[in-house]
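If you want the building blocks of each chain, they are given just below.
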Amino acid sequence: MDRIWILTNLREAAESLDSLIEAVEAEADPALVDAVVSAQVYSVYRKLNYAWNTRHVASDEAISEAGYDEAVQYPKDFDF
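The notes below deal with the structure included here. (Residues numbered from 1 in each chain as written. Predicted model: local features only at pLDDT ≥ 70, side-chain atom pairs only at ≥ 80, totals over all residues. Heavy atoms only, no water.)

A few points about the overall build of the protein chain
Reasoning step 1: Looking only at helices and strands, the protein chain has three helices and zero strands in total.
Reasoning step 2: Computed over C-alpha atoms, the radius of gyration of the protein chain comes to 15 Å, more than 25% over the 12 Å expected from 2.2 N^0.38 for 80 residues, which places it beyond the range of a compact globule.
Reasoning step 3: Oriented by its inertia axes, the alpha-carbon framework of the protein chain measures out at about 45 × 25 × 25 Å.
Reasoning step 4: In the protein chain, of all internal contacts separated by at least 6 residues, the share reaching a separation of at least 24 is 54%.
Reasoning step 5: Of the roughly 5,700 Å² of accessible surface on the protein chain, a fraction of 57% belongs to carbon and sulfur atoms.
Reasoning step 6: Distance from the positive charge centre (6 side chains) to the negative charge centre (16 side chains) of the protein chain: 7 Å. (Helix = DSSP H or I, 4+ residues; strand = E, 2+ residues; numbered from the N terminus. Rg over C-alpha atoms; globule rule 2.2 N^0.38 Å. Contact = heavy atoms within 4.5 Å. Areas by Shrake-Rupley, 256 points an atom, 1.4 Å probe, with all protein chains shown as cover. Lys, Arg positive; Asp, Glu negative; His and termini not counted. Charge placed at Lys NZ, Arg CZ, Asp CG, Glu CD.)

As structure tokens, this is what we get:
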């Protein structure tokens, strides 16, 4: 596992989550909170999925568009 690669991707996911938390904290209207969460949680999950699914990719390897689409999907190796 490329430590720098995974850290970079986890930090991007954390930034998206921090942004979502700030948006929810700033919004008092429950209906708008739902809209904010619906709009942004997808990005958080995609970034976490990308970090997990590409954890064995060297940071200098290119990921094709098709590979990216697969990389942001829910991990197949989780049994939730």
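Notes on the pattern of salt bridges
Reasoning step 1: By the definition in use, this model includes two salt bridges.
Reasoning step 2: In this structure, D77 and R55 form a salt bridge, with 3.2 Å as the shortest nitrogen-oxygen distance. With D77 in the segment after helix 3 (65-71) and R55 in the loop between helix 2 (30-53) and helix 3, this pair connects stretches of sequence that are 22 residues apart.
Reasoning step 3: On the basis of relative accessible area, D77 is assigned to the partly exposed category, the value being 43%.
Reasoning step 4: The exposure class of R55 is buried, given its relative accessible area of 13%.
Reasoning step 5: In this structure, the salt-bridge partner of E70 is K76, at a minimum N-O distance of 2.7 Å.
Reasoning step 6: Given a relative accessible area of 43%, E70 falls into the partly exposed group. (Salt bridge = Lys/Arg side-chain N within 4 Å of Asp/Glu carboxyl O. Buried < 20%, exposed > 50% of the residue type's maximum accessible area, 1.4 Å probe, protein only.)

Let's talk about the nonpolar core
Reasoning step 1: Ranked by size, the top nonpolar core spans five residues in total: W5, Y50, V57, A71 and V72.
Reasoning step 2: Excluding residues that lie within four positions of it along the chain, V72 makes contacts with R46, N49, Y50 and N53. (Core = buried A, V, L, I, M, F, W, Y, C linked by side-chain atoms within 4.5 Å.)

Quick word on the packing of aromatic side chains
Reasoning step 1: On inspection of all chains with the given rule, the structure shows four aromatic pairs.
Reasoning step 2: Centre to centre, the rings of Y50 and Y68 are 5.4 Å apart; their planes meet at 50°, and the pair counts as tilted. Here Y50, found in helix 2, pairs with Y68, found in helix 3; they are 18 residues apart in sequence, far enough to count as distant.
Reasoning step 3: The exposure class assigned to Y68 is partly exposed, which follows from its relative accessible area of 36%. (Phe/Tyr/Trp six-rings, centres within 6.5 Å; stacked < 30°, edge-to-face > 60°.)

Focus: helix 2
Reasoning step 1: Here helix 2 spans 34 Å end to end across 24 residues, near enough to the 34 Å set by a 1.5 Å rise per residue.
Reasoning step 2: Most pronounced at Q40, the bend in helix 2 amounts to some 30°.
Reasoning step 3: The backbone nitrogen of A31 lies 2.9 Å from a side-chain oxygen of the residue at the head of helix 2, namely D29. (Expected span 1.5 Å × (residues − 1). Bend = angle between axes of the 7 residues up to and from the residue. Polar contact = N/O pair within 3.5 Å; in protein donor to acceptor, adjacent residues only side chain to side chain.)

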